[in-house]
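Understanding the architecture of this molecule
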Amino acid sequence: MLADKRILLIIGGGIAAYKALDLIRRLREHGARVTPVLTRAGEEFVTPLSVSALAAQKVYRDLFDLTDEAEMGHIELSRAADLVVVAPATADLMGKMASGLAGDLATTLLLATDKRVLIAPSMNVRMWEHPATQRNLAQLQADGVMVVGPGVGPMACGEFGPGRMAEVPEIVAAIGAALGDGPLKGRHVLVTSGPTHEPIDPVRYIANRSSGAQGAALAGALRDLGARVSFVTGPASVPAPMGVDVIAVETAQQMADAVAAALPADAAVFAAAVADWRVANAAGQKMKKDGTGRPPMLEFAENPDILARVAQMGEGRPRLVVGFAAETETVVDHATAKRARKGCDWIVANDVSPETGIMGGAENAVMLITDQGAESWPRLPKAEVARRLALRIADALA
Ligand code: C5P
């Protein structure tokens, strides 16, 4: 997907600049040509020599380098690329970009370019959460700048939280998506994910153990193949992937409404673990013990079956409707029956018995049930299951 793509990579001055070296390698492995630009601050973290050696290209550093202007001016440099990537994008660079400042080579290129720009922010958690940075981020997104990361985790400064630059494979995937000529280009795919929370009272709810990991991985894999993804997610414990349209919901009813609003779609994948029942007599105030020792009686009402509704909707039905079946016994029989009952095209079935470690774990072993029968896939990381499934979806829509 990246073969012969030209990427102008601006390396800002942050500790994550070391990851930019690996990014250059991975991009070149994918066949991309990387033209590196190193800011003054970036030079404090990585050397021009290592950058140009890995890129096998001259590294551009100075706006007023007359030789460069004679060979290739800043306007041309900013336009000869297919995509401009800023990694790491520091708080300072983001602020300058958001305000349209152009005091050095990197910011001049960013202002002069007519190509799409992808940034990978990296900074201390307080700097990331500062209203000024969040304001700049919102401005950049409004200007059409794409953003990958930041991730949550331990940081070089010793703090913990959002601010870590996205990992290199994630940046490579985002670059692929930004260049957007995968097999799902121009397609809209809807994905539901995560558990639902069904309130008992304002502070308590009924939930399930779904982490949302498989749904998030699938949304990311569909994005990587160029799809526009509407990602309707309950309160999951893994973050939504970047570069998808996130619609966050809590209850099954909200999920059903969000799905209806997101249609039409070319394909819809229902990976959410939706509660079958909601509490019909949820209390408006926090329930209290009444001193009698009698437990409260909860009454339940059935939730809408979102998958069945969409699979059986007739006009406006997505061409491909995929359901998931989490079972703990006789997986194929149950899943095959479920496919027929729900009216969907495929069922991705898995065994979620506690001993499999699948629910909440990093791996999945699935059976794909289609009109051709059941296919058993080997146990694979959830990201790989997602990638294979996304490719199958692309095939089905081709
Ligand atoms: O019936 P069961 O919950 O086992 O079916 C699982 C499939 O149905 C999943 O794809 C799930 O996302 C979907 N589902 C739904 N709405 C419900 C219940 C399940 O979309 N209320």
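Our subject in this report is the structure included herewith.

What counts, and where the lines are drawn
Residues numbered from 1 in each chain as written. Predicted model: local features only at pLDDT ≥ 70, side-chain atom pairs only at ≥ 80, totals over all residues. Heavy atoms only, no water. Helix = DSSP H or I, 4+ residues; strand = E, 2+ residues; numbered from the N terminus. Contact = heavy atoms within 4.5 Å. Near = heavy atom within 4 Å. Polar contact = N/O pair within 3.5 Å; in protein donor to acceptor, adjacent residues only side chain to side chain. Areas by Shrake-Rupley, 256 points an atom, 1.4 Å probe, with all protein chains shown as cover. Axes fitted to C-alpha atoms, helices over the stretch in contact; angles between N-to-C directions. Parallel < 35°, antiparallel > 145°, perpendicular 65-115°, else oblique. Left-handed = near helix turned anticlockwise from the far one by under 90°. Nonpolar A, V, L, I, M, F, W, Y, C, P; charged D, E, K, R; others polar. Expected span 1.5 Å × (residues − 1). Buried < 20%, exposed > 50% of the residue type's maximum accessible area, 1.4 Å probe, protein only. Phe/Tyr/Trp six-rings, centres within 6.5 Å; stacked < 30°, edge-to-face > 60°. Lys NZ or Arg CZ within 6 Å of the ring centre and 35° of its normal. Pairing = 2+ DSSP bridges.

In this section: the environment of R388. Mapping R388 onto the fold places it in helix 15 (residues 382-397). If we skip the residues at most four places from it in the chain, R388 touches W377, P378 and L380.

Looking now at the site of the ligand. The environment of the ligand is made up of F270, A272, V274, D276, P304, D305, I306, L307, G323, F324, K338 and K342. At 2.5 Å from an oxygen atom of the ligand is found a main-chain nitrogen or oxygen belonging to F270. Bound to the protein, the ligand loses 87% of the 450 Å² it would expose on its own. Where the shell around the ligand is concerned, the elements lending two or more residues are helix 13 (306-311), strand 16 (320-327) and helix 14 (331-342).

Here we take up the packing of helix 1 (residues 17-29) against helix 10 (residues 168-179). Across the interface, helix 1 lies against helix 10 with an axial gap of 10 Å and an inter-helix angle of 50 degrees. By the angle between their directions, the pair helix 1 and helix 10 is classed as oblique. The handedness of the crossing between helix 1 and helix 10 comes out as right-handed. For the pair helix 1 and helix 10, the contacting residues are K19, D22, L23, R26 and L27 in the first and V168, I171, V172 and I175 in the second. Tallied by class, the residues present in the contact of helix 1 with helix 10 amount to 6 nonpolar, no polar and 3 charged.

With 16 residues, helix 15 extends 22 Å from end C-alpha to end C-alpha; this agrees with the ideal 22 Å at 1.5 Å per step. Taken together, the buried positions of helix 15 are occupied by K382, V385, A386, L389, A390, I393, A394 and L397.

This part covers the packing of aromatic side chains. Counted under the stated rule, the structure contains 0 aromatic pairs. It is K58 that lies over the ring of Y60; its NZ or CZ is 5.5 Å from the centre. Above the plane of the ring of W346 lies R392, whose end atom (NZ or CZ) is 5.9 Å from the centre.

The next subject is the packing of helix 6 (residues 91-99) against helix 9 (residues 131-142). Where helix 6 meets helix 9, the axes come as close as 9 Å, and the angle between the chain directions of the two elements is 50 degrees. Classified by the angle their axes make, helix 6 and helix 9 are oblique. Relative to helix 9, the crossing made by helix 6 is left-handed. Each of A91, M94, G95, M97 and A98 in helix 6 lies in contact with helix 9, whose residues at this interface are T133, N136, L137, Q139 and L140. Class assignment of the residues belonging to the contact of helix 6 with helix 9 gives a composition of 6 nonpolar, 4 polar and no charged.

Here we take up the pairing of strand 20 (residues 373-376). Two elements, strand 19 (residues 366-370) and strand 20, share 4 bridges in a ladder whose sense is antiparallel. Along strand 20, the bridge assignment pairs T370 with G373. Hairpin remark: strand 19 followed by strand 20, antiparallel, with 2 residues in the connecting loop.

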